[in-house]
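Fold and geometry: a report
Each chain, letter by letter, is given below.
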Amino acid sequence: MLRILTSGESHGPALTAVIEGIPAGLGITADSINRYLALRQMGYGRGRRQAIEHDSVEILSGVRHGRTLPGPITLVVRNRDYQNWQARMTAEPSDHPGAPILCPRPGHADLAGTLKYDLTDIRDVLERSSARTTAALVAAGSVCRALLGEIGIGVYGYVVAIGAVSSRAADPEKLSLEQPAIDASPVRCADPEAGDRMVAAIDAASQNGDTLGGAFEVVAVGCPPGLGAHTQWDRRLDARLACAMMSIQAVKAVEIGAGMPGARMPGSEVHDELLYDENLGFHRSRNNAGGIEGGISNGEPVVVRCGMKPLPTLKNRLRSVNVETHEAVQAHFERSDVCAVPAASVIAEAMMCIILAEATLDRFGGDSIEAFRRNAAATRAELAKRGYSGVRWSSR
Ligand code: EPS
């Protein structure tokens, strides 16, 4: 069983992730994790915080000489900004705790969290609700990505909309080749012309003191049939992916395959007819199912699309109410990102890696990476005999 727990506050000393259940012997380096931490920090429209932070991981346990040990892996990402926040964020009683934040931001966890935990200072909620905490999940997701790489599964992500500007969907079969150009785009978009319009939309929102949401797609290629199970609600792969994606701050919609547009189409246009070919084995006429049928991966690319609302911290402050005096006020603003959709697409890749690592370990098991690979290869051989050709997996 794979277990991941994260901790840490946005302006505390550090963010951490503890991962248990990764097979022994998996190759992991700080560099392989730092690559994704850096990607998460990028994207046009990010705020001043990203100029302060240069996220990099310290591996405190569970890895020796570049290989995972059987024990838990501990990852730490330090917050550089903590040095400016020590008095306000120290674990010790402080004579300089800073003025309490009393004006909740509509759309944030501020008011609901303050009421729930019987708090006055909104900082006691926002420090953990901040999307900064996703740095720990991206670090953990990078370890899971390395595991998936051992059996030929690749996870890719890109932005399809920012505000009212949309871009084309990428071809899943070509994503591994397209990803470097996508990552180099300031908005992580597959279409440079649409990317320019997205940048302009972010500039316009920034000038208005506003924020922008958008949409992104995450695709896993090389998934074998049989991940997840139809037998129980919480074993269904689509349900597990939707939960993981919806857990990302500001994500308000998750679609798999044809998603909401599919709900408006007749069955004859939605369902992916089955074909068989000597070389390809079982395959589909298209992939409206997004690679999952009945909660089980079917061998096609797993395609998840998420909608992200605009960030709730607005320079042009929204109306709010003081939590102590109940006076009409303007919502709290210190600094904020104008748009974090490109970053969210990186976080969503990490969440996809976590869920698929869990699902592949469920299916293949393995205490060592050799056993994991061996079990996956044996299953692949069995599936090939049944008509699911190995060519489709490994060629992707
Ligand atoms: C974030 C760092 C935060 C925010 C953002 C995510 O920095 P600070 O609060 O110090 O400016 O920019 O947080 C949120 C989106 C949020 O909802 O709180 C980061 O590193 O991703």
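Notes on the structure follow.

Observations regarding the layout of surface pockets
Of the voids in this model, the largest pocket is the one considered here, and its volume is about 870 Å³. Broken down by secondary-structure element, the contributors of at least two residues to the lining of the largest pocket are α2 (49-52), α5 (123-129), β10 (251-256) and α12 (341-364). Tallying contributions element by element places α12 first for the lining of the largest pocket, with 3 residues. Within the lining of the largest pocket, the residues separate by chemical class into 14 nonpolar, 13 polar and 11 charged.

Considering the environment of I369
When you line up the elements, I369 lands in helix α13 (residues 369-385). Given the relative accessible area of 2%, I369 is considered buried. The spatial distance from the C-alpha of I369 to the C-alpha of A24 is 5.9 Å, given a sequence separation of 345 residues. What I369 contacts, discounting residues up to four positions off in sequence, is P23, A24, G25, L26, L147 and E150.

Topic: the sheet that holds strand β1 (residues 3-8)
Within a sheet, neighbouring strands are paired by backbone hydrogen bonds and run either parallel or antiparallel to one another. A sheet is described by the order of its strands in space; here 4 strands give the open sequence β1-β2-β6-β3, paired in antiparallel fashion. Two strands in the sheet have a free side with no partner beyond their single neighbour: β1 and β3 (57-61). Direction aside, the axes of adjacent strands within the sheet are offset by 20 degrees on average. As paired elements, strand β2 (residues 14-20) and strand β6 (residues 73-78) share 6 bridges and run antiparallel to each other. Along β6, the bridge assignment pairs T16 with V76.

Comments concerning a nonpolar patch on the surface
On the surface, a nonpolar cluster with roughly 310 Å² of combined accessible area is contributed by L274, Y276 and F282. Classification of F282 as partly exposed rests on a relative accessible area of 31%.

Quick look at the sheet that holds strand β9 (residues 214-221)
Within the open sheet, the 5 strands sit side by side as β8-β7-β9-β15-β10. Their pairing is antiparallel. Two strands in the sheet have a free side with no partner beyond their single neighbour: β8 (165-166) and β10. Bridge count for strand β7 (residues 154-162) against β9 is 8 bridges, and the pairing is antiparallel. Across the sheet, residue V155 finds its bridge partner in β9, namely A220.

A few points about the side chain of E349
Along the chain, the position of E349 falls in helix α12. A distance of 3.0 Å separates the side chain of E349 from the backbone nitrogen of G157, its partner in a polar contact. Those residues within four positions of E349 in sequence are excluded, and the remaining contacts are Y36, R145, V155, Y156, G157, Q179, R188 and V218.

Some words on the pattern of salt bridges
Applying the stated rule across the entire model yields 25 salt bridges. Between D362 and R240 there is a salt bridge whose closest N-O contact spans 3.1 Å. With a gap of 122 residues between them, D362 in helix α12 and R240 in helix α9 (residues 237-246) connect regions that are remote in the sequence. Among the residues examined, D362 registers a relative accessible area of 52% and is labelled exposed. Several salt bridges share partner residues, and in doing so they unite R40, R49, E53, D55, D81, R132 and R335 into one network.

A look at the pairing of strand β12 (residues 281-284)
One ladder, built from 4 bridges, connects strand β11 (residues 274-277) with β12; its direction is antiparallel. Paired with L275 across the strands is H283, a residue of β12. In this antiparallel pair of consecutive strands, β11 and β12, the connection spans 3 residues.

Observations regarding the packing of helix α1 (residues 30-41) against helix α6 (residues 134-149)
At their nearest, the axes of α1 and α6 sit 9 Å apart, and the two run at 140 degrees to each other. With respect to each other, α1 and α6 are oriented oblique. For the pair α1 and α6, the crossing hand works out as right-handed. Touching S32, I33, Y36, L37 and R40 of α1 are T134, A135, V138, A139, S142, V143 and R145, all from α6.

What to know about the side chain of N34
Position of N34 relative to the elements: it lies in helix α1. For N34, a relative accessible area of 17% gives the class buried. Separated by 2.8 Å, the side chain of N34 and the backbone nitrogen of V57 make a polar contact. When residues no more than four places from it in sequence are discounted, the contact partners of N34 are D55, S56 and V57.

As for helix α8 (residues 192-207)
An ideal rise of 1.5 Å per residue puts 22 Å on 16 residues; α8 measures up with 23 Å between its terminal C-alpha atoms. Turning to α8, its buried residues number three or more, namely A194, G195, M198, V199, A201, I202 and A205. Each buried residue of α8 lies within a common arc of 160 degrees when the element is viewed along its axis, so the set occupies one face. Exposed side chains of α8 directed beyond 90 degrees from the buried face belong to P192, D196 and Q207. Residues of α8 that are buried sit in contact with β7 and β8. The opening residue of α8, the one whose side-chain oxygen lies 3.0 Å from the backbone nitrogen of E193, is D191. G209 occupies a position one or two residues after α8 and carries a positive phi of about 65 degrees.

Conventions we followed
Residues numbered from 1 in each chain as written. Predicted model: local features only at pLDDT ≥ 70, side-chain atom pairs only at ≥ 80, totals over all residues. Heavy atoms only, no water. 1 Å grid on protein atoms, 1.4 Å probe; cavity = no way out; pocket = protein on both sides within 12 Å on 5 of 7 lines; lining within 4 Å. Points joined across faces, edges and corners; volume = space filled by probe spheres on them. Helix = DSSP H or I, 4+ residues; strand = E, 2+ residues; numbered from the N terminus. Nonpolar A, V, L, I, M, F, W, Y, C, P; charged D, E, K, R; others polar. Buried < 20%, exposed > 50% of the residue type's maximum accessible area, 1.4 Å probe, protein only. Contact = heavy atoms within 4.5 Å. Pairing = 2+ DSSP bridges. Axes fitted to C-alpha atoms, helices over the stretch in contact; angles between N-to-C directions. Patch = residues over 30% accessible without salt bridge, like charges linked within 9 Å, V, L, I, M, F, W, Y side chains within 5 Å. Areas by Shrake-Rupley, 256 points an atom, 1.4 Å probe, with all protein chains shown as cover. Salt bridge = Lys/Arg side-chain N within 4 Å of Asp/Glu carboxyl O. Polar contact = N/O pair within 3.5 Å; in protein donor to acceptor, adjacent residues only side chain to side chain. Parallel < 35°, antiparallel > 145°, perpendicular 65-115°, else oblique. Left-handed = near helix turned anticlockwise from the far one by under 90°. Expected span 1.5 Å × (residues − 1). Arc of directions from axis to C-beta.

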